Amino acid sequence: YEMGMSGIAITDHECLSAHMEVNQFMKDFRKEHPDFTVALGNEIYLTFDRETNQKYWHFILIAKDEIGHKGLRELSTIAWKNSYVDRRLERVPTLKNELAEIMLKYQGHIIATSACMGGELSTNALLMSEAQKVNDTKSAQYFYEEICNFMQFGLDLFGEDFYIECAPSTKWDQIAVNQKLRAIAKAYNVPMVVGTDAHYLTEQDRE
């Protein structure tokens, strides 16, 4: 608020505990600043299975209301009950079929975005772009099909609550991804959102 912003989305990695602190803080804060918005979400790890040595794709979920937040809690509970250790870290992925099953109850109450460069969509967009640069048509076609599968998955589960997330950056890879994401968004008529993927608020907070 002091930085002139109108709101913030709290999307810690597979962790909802900050929501309790935020809700307590907002009780008093909202009395003086009723227009400041706080969205409560979760950046989950989305996979097909719980095998080791795999990529744990990032995926953003944000509750639209109390019903949606109940859905976030159900998903997080499933992830933590099935946690396991892989490469010396505790892993808490949500399986795609688990997300699909839970969303049968909460469709219309949860927003989803394709997340950052750690997400499946952005990763495949970058790989497709790199394959096209070197005229590797076979690989480019493979990543194109992966992108199509992901987009259909998101649209089937979330409908109009599914968004493609891009990010401001001067780095070549993010710029290349943003260009691909814009084309994908246009092809599927899916809105784009800008996420800063901020892990701290100011330069002084970095350490």
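In case you missed it, the structure is sitting above this.
Residues numbered from 1 in each chain as written. Predicted model: local features only at pLDDT ≥ 70, side-chain atom pairs only at ≥ 80, totals over all residues. Heavy atoms only, no water.

Asker: Describe the nonpolar core, naming the residues involved and giving the relevant values.
Answerer: In this structure, Phe59, Leu61, Leu99, Met151 and Phe158 are the most contacted members of the largest nonpolar core, which totals 34 residues. The greatest single-element share of this core, amounting to seven residues, is contributed by helix H5 (residues 137-158). Contact partners of Phe158, with chain neighbours within four places excluded, come to Phe59, Leu61, Leu99, Met103, Gln107, Ile110 and Ala112. Among the nonpolar cores identified, the runner-up in size contains eight residues, and Ile10, Ala18, Phe29 and Val38 belong to it. (Core = buried A, V, L, I, M, F, W, Y, C linked by side-chain atoms within 4.5 Å. Buried < 20%, exposed > 50% of the residue type's maximum accessible area, 1.4 Å probe, protein only. Helix = DSSP H or I, 4+ residues; strand = E, 2+ residues; numbered from the N terminus. Contact = heavy atoms within 4.5 Å.)

Asker: If you had to explain the pattern of salt bridges to someone new, which residues and values would you point to?
Answerer: Close approach of charged atoms allows side chains of opposite charge to pair. A full pass over the atoms with the stated rule returns six salt bridges. A salt bridge links Asp28 to Lys31, with the nearest nitrogen and oxygen atoms 3.4 Å apart. Residue Asp28 and its partner Lys31 are both found in helix H1 (residues 17-32); the two are separated by three residues, about one turn of the helix. The exposed category is assigned to Lys31, whose relative accessible area is 65%. (Salt bridge = Lys/Arg side-chain N within 4 Å of Asp/Glu carboxyl O.)

Asker: Explain the packing of aromatic side chains to me, and be specific about the residues and the numbers.
Answerer: Within a pair of aromatic rings, the relevant descriptors are the distance that separates the centres and the angle that separates the planes. Tallied over the full model, the rule gives eight aromatic pairs. Measuring from centroid to centroid gives 5.8 Å for Tyr1 and Phe29, while their planes differ by 85°, and the two rings are edge-to-face. With a gap of 28 residues between them, Tyr1 in the segment before strand S1 (7-10) and Phe29 in helix H1 connect regions that are remote in the sequence. When the centroid spacing of 6.1 Å and the interplanar angle of 80° are considered together, the rings of Phe59 and Phe150 count as edge-to-face. Here Phe59 is found in strand S3 (residues 57-63), whereas its partner Phe150 is found in helix H5, with 91 residues between them in sequence. The pair formed by Phe59 and Phe150 is uniform in burial state, with each residue classed as buried. Within the aromatic cluster, the residues linked to one another by ring pairs are Tyr1, Phe25, Phe29 and Phe36. The ring of Phe153 carries the charged tip of Lys96 above its face, separated from the ring centre by 5.1 Å. (Phe/Tyr/Trp six-rings, centres within 6.5 Å; stacked < 30°, edge-to-face > 60°. Lys NZ or Arg CZ within 6 Å of the ring centre and 35° of its normal.)

Asker: Describe the state of the cysteines, and please don't skip the residues or the numbers.
Answerer: A complete count under the given rule lists zero disulfides for this structure. The closest cysteine sulfur to the non-disulfide-bonded Cys15 is located on Cys116, 17 Å from its own sulfur. Judged by its relative accessible area of 28%, Cys15 is partly exposed. Here Cys148 is not cross-linked by a disulfide; its sulfur's nearest cysteine counterpart is in Cys166, at 19 Å. (Disulfide = S-S within 2.5 Å.)

Asker: Talk me through helix H6 (residues 172-188); I want residue IDs and the actual numbers.
Answerer: For an α-helix the count is 3.6 residues per turn, leaving residues at separations of three or four pointing the same way. Here H6 is 17 residues long and its end C-alpha atoms lie 25 Å apart, about the 24 Å a rise of 1.5 Å per residue gives. Those residues of H6 lying buried are Gln174, Ala176, Val177, Asn178, Lys180, Leu181, Ile184 and Ala185. Here the buried face of H6 lies against helix H4 (120-133), H5, strand S8 (162-166) and strand S9 (192-194). Downstream of H6 by one or two residues, Asn189 has phi in the positive range, about 55°. (Expected span 1.5 Å × (residues − 1).)

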